[in-house]
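# Coordinate inspection notes
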Amino acid sequence: MRLLSATWADMRFQLKHGFYLVYVIITITYLIVLSFLPENIFSVTLPLVVFSDPSVLGLFFIGGIILLEKGQGVLMVLVVSPLRSQEYILAKVISLTIISVLAALAITFFGQYPTVNWLLIIISTIITSAIFTLLGIIINAGCNTVNQYMLKTIPYMLLFLLPCLSLVGFPYSWLFTIFPSVAALKLMLGAYHGIYWVEATALTAYLLGFCYLLLRLTVKIFEKEIVFQD
Amino acid sequence: MNFDVQEGEVFGFLGPSGAGKTTTQRLIIGLLRNYNGKIEVLGKERSNWGKDFYEQIGVAFDFPNLYIKLTARENLQLIGAYYKNKAEKPDEMLDRVGLLPEKNVRVENFSKGMKMRLNFIRSIMHNPRLMFFDEPTSGLDPVNAHIIKEIILEQKKAGKTVFLTTHNMTVAEQLCDRVAFIVDGKIVTIGSPKDLMIEHGKRVVKVEYQKNGTLLDQDFELKDIGNNSGFLNILKTSEIKTIHSGEATLEDIFIKLTGRNLL
């Protein structure tokens with residue numbers, strides 16, 4: 001019940017601060033740009049755009065949201081309320097995942113991508129959004145300004161997004177699948193270009209396990225840095 | 001530091017900035033974990049309490065912590081949703097602190113005083129047993145400060161316990177059953193404001209009177225004042241301007257005990 005209330009509170013917060021409007025504008029911009037691309041580039045670009053939404057954008061959004069909460073002092077009130085750290089974190093993940101999934105579906109639907117596995121799009125977007133939202137909360141834990149957050153984000157971005165280049169393919173490039181971002185992107189590309197169900201299941205299971213561990217780590221760091229400042 | 005707060009008591013924690021008031025409060029609230037010694041709150045060692053502890057306490061910090069893009073009512077609804085005890089009549093509470101007409105106004109358009117009032121009712125809307133207020137009347141005009149003080153006394157009447165941190169000696173004197181003075185992490189004295197004021201005051205009566213067009217004043221020992229002929233003579237023959245007993249103010253006591261001014 002508290003989790004539901006917290007998710008609802010987060011959605012209201014994001015709506016009032018214009019995050020949804022930003023998402024709509026970005027989605028429309030993506031669709032306009034995509035409509036000008038030739039067929040062969042479009043088929044690769046659209047999945048990448050959909051992937052970048054919950055990852056790169058998500059990372060910046062969660063940073064902004066928590067900094068706003070810190071600035072307004074709301075975080076202090078939540079800390080002394082019955083809301084558990086895990087519920088606070090999950091509410092952030094769920095609320096941001098909802099807009100990410102809506103954006104992913106809108107871009108794919110209105111972009112009129114020919115072959116699509118909708119279920120896989122939803123699964124990969126949820127997982128990608130969860131990973132990067134949790135990562136954003138971890139990065140944000142020790143930050144008080146936008147500049148601090150931006151600077152701290154760069155190494156994480158490089159660590160998570162650079163390995164994605166391995167998907168162009170080279171000897172042993174499959175080893176990079178160990179990076180959760182690569183696994184998530186593989187799953188996302190699979191939703192558009194086709195993927196064996198065994199591989200999709202294995203990637204999903206691996207990523208869900210990673211998400212669970214990342215959630216545990218996020219709760220720990222959140223409590224150490226934000227809740228108990230001792 | 002060793003002290004206890006009784007159930008149904010308003011306990012004032014007074015002292016200059018950096019004295020350790022906030023740290024002590026944070027320890028009791030549970031925001032600092034590593035401590036030596038014992039902190040028993042609501043019948044249980046603090047470190048043994050989980051998040052359920054917060055169902056039973058209310059905290060209002062000395063600065064407003066509100067969703068500024070949401071309205072007053074939305075703020076109460078969103079935070080209130082995390083408690084098992086739901087606020088039964090949020091509009092009545094808003095009305096009590098004069099915010100009902102602005103219930104649908106975004107908090108970003110509120111003055112500091114309005115934010116403080118909203119912050120205050122948000123901290124008590126779940127009907128907590130134990131409340132922590134940090135400078136609850138800060139930024140409020142006398143009328144609104146009076147309303148907040150009245151609500152605090154009503155809470156006390158209802159058997160609730162209040163832990164009040166303040167620099168405002170008048171507020172402490174008006175509200176607190178007992179106060180503790182904190183300096184450099186230590187309690188230098190503790191007691192009821194009245195007892196402390198008498199204990200640290202002078203046992204005299206100061207009379208200000210006018211005689212032959214001149215304003216004069218004189219101190220008389222309180223002991224056996226009814227038989228003090230000089231005092232009685234002034235009362236009979238002069239025009240009395242003021243009469244004051246010589247008890248100390250809480251601020252006097254603080255300065256006397258610490259050699260420091262309240263900041």
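All of these numbers come straight from a predicted model, not from anything done at the bench.

This next bit is on the packing of helix α5 (residues 85-110) of chain A against helix α9 (residues 197-227) of chain A. Residues and elements named next belong to chain A. Taken N-terminus to C-terminus, the directions of α5 and α9 make an angle of 115°; their axes are 10 Å apart at the nearest point. As for the relative orientation of α5 and α9, their crossing is right-handed in sense. Here S85, Q86, Y88, I89 and L90 of α5 lie close against α9, whose contacting residues are L215, T218, V219, F222, E223 and V227. Tallied by class, the residues present in the contact of α5 with α9 amount to 7 nonpolar, 3 polar and 1 charged.

Here the focus is the environment of N144 of chain A. Residue and element names in this part refer to chain A. Looking at where N144 falls in the secondary structure, it is placed in the loop between α6 (118-140) and α7 (146-161). Among the residues examined, N144 registers a relative accessible area of 61% and is labelled exposed. Distance from N144 to G71, taken between C-alpha atoms, is 8.3 Å for residues 73 residues apart in sequence. Excluding its chain neighbours within four sequence positions, the residues that come into contact with N144 are L67 and K70.

Right, let's talk about helix α2 (residues 19-35) of chain A for a bit. Residues and elements named next belong to chain A. When the terminal C-alpha atoms of α2 are compared, their 24 Å separation across 17 residues agrees well with the 24 Å that a helix rising 1.5 Å per residue should span. What α2 keeps buried is the set F19, Y20, Y23, I26, T27, L31 and L34. Along the long axis of α2, the arc covered by the buried residues comes to 135°, so they all point the same way. On the buried face of α2, the contacting elements are α1 (2-16), α3 (39-72) and α5.

Attention now moves to the packing of aromatic side chains. Any pair of aromatic rings gets described here by the distance separating the centres and the angle formed by the planes. A full pass over the atoms with the stated rule returns 23 aromatic pairs over all chains. Between F19 of chain A and F61 of chain A the ring centres are 5.3 Å apart and the planes differ by 75°, which places this aromatic pair in the edge-to-face class. Here F19 of chain A is found in helix α2, whereas its partner F61 of chain A is found in helix α3, with 42 residues between them in sequence. Just as F19 of chain A is buried, F61 of chain A falls in that class too. Three or more aromatic residues link up through ring pairs in this structure, and these residues are F3, F11, F13, F132 and F163 of chain B. The positively charged end of K44 of chain B is found above the aromatic ring belonging to W49 of chain B, 4.3 Å away from the centroid. Residue placement shows R46 of chain B over the ring face of F53 of chain B; its charged tip is 4.1 Å from the ring centre.

Counting residues at the interface gives 26 residues for chain A, matched by 29 residues for chain B. Across the chain A to chain B interface the summed buried area is about 2700 Å²; carbon plus sulfur atoms make up 62%. The interface formed by chain A and chain B holds 3 salt bridges in total. Residues R12 of chain A and E74 of chain B are paired through a salt bridge, measuring 3.2 Å at the closest nitrogen-oxygen approach. Our enumeration of links across chain A and chain B arrives at 9 residue pairs in polar contact (both at pLDDT 80 or more).

Parameters at a glance
- Residues numbered from 1 in each chain as written.
- Chains lettered and ligands numbered in written order.
- Predicted model: local features only at pLDDT ≥ 70, side-chain atom pairs only at ≥ 80, totals over all residues.
- Heavy atoms only, no water.
- Axes fitted to C-alpha atoms, helices over the stretch in contact; angles between N-to-C directions.
- Helix = DSSP H or I, 4+ residues; strand = E, 2+ residues; numbered from the N terminus.
- Left-handed = near helix turned anticlockwise from the far one by under 90°.
- Contact = heavy atoms within 4.5 Å.
- Nonpolar A, V, L, I, M, F, W, Y, C, P; charged D, E, K, R; others polar.
- Buried < 20%, exposed > 50% of the residue type's maximum accessible area, 1.4 Å probe, protein only.
- Expected span 1.5 Å × (residues − 1).
- Arc of directions from axis to C-beta.
- Phe/Tyr/Trp six-rings, centres within 6.5 Å; stacked < 30°, edge-to-face > 60°.
- Lys NZ or Arg CZ within 6 Å of the ring centre and 35° of its normal.
- Buried area = accessible area lost by both parts, 1.4 Å probe.
- Salt bridge = Lys/Arg side-chain N within 4 Å of Asp/Glu carboxyl O.
- Polar contact = N/O pair within 3.5 Å; in protein donor to acceptor, adjacent residues only side chain to side chain.

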